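# Summary of structural features
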Amino acid sequence: MSAAVLAQIAAEPPGSAEFWVFLLIGALSLGSALAMVLMRNAVHAALMLVLNFFTIAVLYAVLEAQFLAVVQIIVYAGAIMVLFLFVIMLLGVDRTEPVTRKLPGQGPLAVLFGILLFGALSASVVAPFIGPGSVCGAAAGVDAGGGGLPCAGLAAANEGGNVEGIGALLFTDFVWPFEVTSVLLVIAALGAIVLGRQDEKAEDLVDVVRDPANPPDEERR
Amino acid sequence: MLAEYLPLAVLAAIAVAFVGLSLAVSSRLGPSRPNPAKRAAYESGIIPDPATDVRGSRFPVKFYIVAMLFIIFDVEAVFLYPWAVTLRDLGWYGFGVMAVFIILLLESYYYVLRKGGLEWD
């Protein structure tokens, strides 16, 4: 990939501070992501993931999304990593997955779907930059003639402050997704309790086994 | 724009350098006279048993529940911050929006409490 292409992706001229930070942090981000997948020790992989979360936070900061950058560190590097480490500890660090092929043709299928997934992700990344939607419509003040979606631009979006901008949009135009997030969190809480409280589940099993007069209900949990 | 982050970068560099220097200096200058008592892992006065070593054993699932609940209320707190910043402009509408959000979450909090998800034993 040439420097010019990278500069276009970073939307900054080569040689600017943003460009070099993007180059350095982008490389670090890719490297830590690869290292995370390739590490043999699960705890080391988790540490690589922490590094990856931090590099993505820096990329957010370069894009002038300060709030997202801080949230990335607080929620991902802070909370989600703690959860990952707990799950690793729950399963035991030394346990390794047995490398057995359970499905016939699992290997070729994995390659096929891997390529499909890569293609879909690439298309979703590239498509916004080549379709008509990539051209700013009249709302930006300058109609480029592409008839694209109205967009405001970074300066206008961050005009009253980054967090103020997020708040003003999140609780008005995007209030429905915001409230649905609450439902999502409720589901997560219920799931954690249902999956985590093993004692109840064990009692249920004992009841089913020891009571032949009361046949086990398939629907019952 | 990025110049604003320079103090942060300097702080990070100092932090990394301090850790690296401390490790290097102590390994270079510190005397190394190991004996069996020094090399033994200290676990609150209990001699660690290889069979129950942390690497081989599993943590209780209770940790998972606590971590999961922590994430949920952490995410809630993240939403509270932009809400608090814009509350003056949003007025009672904003209050109502956040009330719905928090009441929905309080339901799950009540459920977790009743199920004993926050009790350790």
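From a predicted model like this one, the values you see are computed outputs, not experimental measurements.

### Some remarks on the overall build of chain A
Summing up its helical and strand segments, chain A has 9 helices and 0 strands in all. When its helices and strands are written in sequence order, chain A yields α-α-α-α-α-α-α-α-α. Taking the intrachain contacts of chain A between residues at least 6 apart in sequence as the baseline, contacts between residues at least 24 apart amount to 33%. Carbon and sulfur atoms make up 71% of the accessible area of chain A, which totals about 14800 Å².

### What to know about the interface of chain B and chain A
Taken together, the contact pairs 44 residues of chain B with 50 residues of chain A. A combined buried area of about 4300 Å² lies between chain B and chain A, and 77% of that area is made up of carbon and sulfur atoms. On inspection of chain B and its partner chain A, the count reaches 0 salt bridges. Residue composition of the side of chain B that touches chain A, grouped by class: 33 nonpolar, 5 polar and 6 charged.

### Points about the environment of L91 of chain A
Residue and element names in this part refer to chain A. Assignment of secondary structure puts L91 in helix α4 (residues 66-91). On the basis of relative accessible area, L91 is assigned to the partly exposed category, the value being 48%. C-alpha of L91 to C-alpha of I187: the two residues are 96 residues apart in sequence and 23 Å apart in space.

### Looking at the confidence of the model for chain B
All names here are of chain B. When pLDDT is averaged across chain B, the result is 83; 88% of the residues are at 70 or more. Within chain B, no element has a lower average pLDDT than helix α2 (residues 36-39), which sits at 80, and none a higher one than helix α1 (residues 6-29), at 93. Here the prediction assigns the complex a pTM of 0.70, and the interface score ipTM is 0.72.

### Some remarks on the nonpolar core
If you look at the biggest cluster of nonpolar residues, it comprises 35 residues, and the most contacted ones within it are F171 and F178 of chain A together with I72 and F101 of chain B. Top contributing element to this core by residue count: helix α3 (residues 62-114) of chain B, with 17 residues. For F178 of chain A, the contacting residues outside a window of four places in its chain are L170 and F171 of chain A together with F79, V97, M98 and F101 of chain B. Membership of the second largest hydrophobic core comes to 7 residues, among which are V50, F53, M81 and I88 of chain A.

### Side note on unusual backbone geometry
All names here are of chain A. A positive phi angle is found at E64, which is not glycine, with a value near 60 degrees. Tracing the backbone shows E64 in the loop between α3 (42-62) and α4. When its relative accessible area of 25% is taken as the criterion, E64 is described as partly exposed.

### Details of helix α7 (residues 162-170) of chain A
For α7 of chain A, every residue scored as buried is listed here: N162, V163, G167 and L170 of chain A. Projection of α7 of chain A onto a plane perpendicular to its axis shows the buried side chains occupying an angular sector of 130 degrees, all on one side.

### Observations regarding the side chain of S29 of chain A
All names here are of chain A. Relative to the helices and strands, S29 is located in helix α2 (residues 17-38). For S29, a relative accessible area of 12% gives the class buried. Not counting chain neighbours up to four residues away, the residues in contact with S29 comprise N52, T55 and I56.

### A few points about the packing of aromatic side chains
Applying the stated criterion across every chain yields a total of 9 aromatic pairs over all chains. Taken together, a centroid distance of 5.9 Å and an interplanar angle of 15 degrees make the contact between F67 of chain A and Y81 of chain B stacked. Here F67 of chain A is found in helix α4, whereas its partner Y81 of chain B is found in helix α3 on a different chain. Their ring planes at 15 degrees and their centres at 4.4 Å tell us that F178 of chain A and F101 of chain B sit as a pair that is stacked. Separated into two different chains, F178 of chain A in helix α8 (residues 175-196) and F101 of chain B in helix α3 make up a pair that spans both. When its relative accessible area of 1% is taken as the criterion, F178 of chain A is described as buried. Given a relative accessible area of 0%, F101 of chain B falls into the buried group.

### Description of the environment of G161 of chain A
Of note, G161 of chain A is situated in the loop between α6 (154-157) and α7. Between the C-alpha atoms of G161 of chain A and Q72 of chain A, which are 89 residues apart in sequence, the distance is 18 Å.

### Topic: the confidence of the model for chain A
Summary statistics for chain A give a mean pLDDT of 76 and a share of 67% for residues scoring 70 or more. In the predicted structure, residues 201-211 of chain A sits below a pLDDT of 50 and forms 5 contacts with residues beyond four places in sequence or in another chain.

### Observations regarding the packing of α8 of chain A against α3 of chain B
Packed helices, taken two at a time, are described by the angle their axes make and the gap between the axes. Between α8 of chain A and α3 of chain B, whose axes approach to 6 Å, the crossing angle comes to 165 degrees. Between α8 of chain A and α3 of chain B, the angle is such that the two are roughly antiparallel. The crossing of α8 of chain A and α3 of chain B is left-handed. The residue inventory of the contact of α8 of chain A with α3 of chain B, partitioned by class, reads 27 nonpolar, 4 polar and 2 charged.

About the criteria used
- Residues numbered from 1 in each chain as written.
- Chains lettered and ligands numbered in written order.
- Predicted model: local features only at pLDDT ≥ 70, side-chain atom pairs only at ≥ 80, totals over all residues.
- Heavy atoms only, no water.
- Helix = DSSP H or I, 4+ residues; strand = E, 2+ residues; numbered from the N terminus.
- Contact = heavy atoms within 4.5 Å.
- Areas by Shrake-Rupley, 256 points an atom, 1.4 Å probe, with all protein chains shown as cover.
- Buried area = accessible area lost by both parts, 1.4 Å probe.
- Salt bridge = Lys/Arg side-chain N within 4 Å of Asp/Glu carboxyl O.
- Nonpolar A, V, L, I, M, F, W, Y, C, P; charged D, E, K, R; others polar.
- Buried < 20%, exposed > 50% of the residue type's maximum accessible area, 1.4 Å probe, protein only.
- pLDDT = per-residue confidence, 0-100.
- Core = buried A, V, L, I, M, F, W, Y, C linked by side-chain atoms within 4.5 Å.
- Arc of directions from axis to C-beta.
- Phe/Tyr/Trp six-rings, centres within 6.5 Å; stacked < 30°, edge-to-face > 60°.
- Axes fitted to C-alpha atoms, helices over the stretch in contact; angles between N-to-C directions.
- Parallel < 35°, antiparallel > 145°, perpendicular 65-115°, else oblique.
- Left-handed = near helix turned anticlockwise from the far one by under 90°.

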